[in-house]
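Working through the structure, step by step
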Amino acid sequence: AYINMDIRTTLHNTAIQTIRKRQEDFGSDIFQVSTHSGARPLCYPYQGKFYSWGGDEGEFTDGNGRKHRYRSIRDTSYGEPAGLFGINCGHYPLPQIPRVTIPADGRLEPKKEDEKEYKESQKQRALERAIREAKRKQLAYETAGLDDATKDMGKTIRQRQAAMLEFIDQTGRARRYDRESIGG
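Rules and cut-offs
- Residues numbered from 1 in each chain as written.
- Predicted model: local features only at pLDDT ≥ 70, side-chain atom pairs only at ≥ 80, totals over all residues.
- Heavy atoms only, no water.
- Helix = DSSP H or I, 4+ residues; strand = E, 2+ residues; numbered from the N terminus.
- Rg over C-alpha atoms; globule rule 2.2 N^0.38 Å.
- Buried < 20%, exposed > 50% of the residue type's maximum accessible area, 1.4 Å probe, protein only.
- Contact = heavy atoms within 4.5 Å.
- Axes fitted to C-alpha atoms, helices over the stretch in contact; angles between N-to-C directions.
- Parallel < 35°, antiparallel > 145°, perpendicular 65-115°, else oblique.
- Left-handed = near helix turned anticlockwise from the far one by under 90°.

Moving on, we come to the overall build of the protein chain. Each helix and strand counted, the protein chain has three helices and five strands in total. Helices (α) and strands (β) of the protein chain occur, in sequence order from the N terminus, as α-β-β-β-β-β-α-α. The globule rule puts the C-alpha radius of gyration for 184 residues at 16 Å, and the 22 Å found for the protein chain is more than 25% above it. By its C-alpha atoms, the protein chain is 70 × 30 × 25 Å across when sized along the principal axes.

Written as structure tokens, this is what we have:
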């Protein structure tokens, strides 16, 4: 799980650096923060808004002739592990080239709905971790030749999978079997 998180974060950071470099080629460091449901609490307030990588604040005109204010990236949670563009963040910068780019819609899901979605995602992650933990224990017991403990852990796994199934049925979320796997 840690290796997957590290790879995802490294790829995400590389993609953001590539976007920033491409923006430099166009002479702009202004971007809009993407939006998605279930955003983390440290990211939600910045969705759909405009920022500058360089720390400037000001106003720019988009490709439709509309004016937008932008602030410094330093005014966000950027740089914090759980902050904007941090570990496991699903947001990305949408480059804005003044008088050319037409910004994304930037409509946000209401905060209560976003919080509900985020809490559900965290509950699902906890259930996935519990299933993986039980599978690791079962494998250890099996390797040690502890047949009774292996059988008991099999029951635990089934109970935890049943809890996951109930959660999925209640919330309508997609089950991610790959996140319940211990590899191999």
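Quick look at the environment of Q170 now. Secondary-structure assignment places Q170 in helix α3 (residues 147–171). We classify Q170 as exposed; its relative accessible area is 59%. Residues Q170 and T18, 152 residues apart in the sequence, show an inter-C-alpha distance of 40 Å.

Time to look at the side chain of Q124. Here Q124 lies in helix α2 (residues 111–144). Of the residues examined, Q124 reaches a relative accessible area of 1% and is grouped as buried. Contact partners of Q124, with chain neighbours within four places excluded, come to M164, F167, I168, R173, A174, R175 and R176.

Any two packed helices are characterised by how steeply their axes cross, that is the angle between the axes, and by the distance between the axes. Remark: α2 packs on α3, axes separated minimally by 9 Å, with the N-to-C direction vectors making an angle of 165°. Comparing their axes, α3 and α2 come out roughly antiparallel. Like other packed secondary-structure pairs, α2 and α3 cross with a definite hand, here left-handed.

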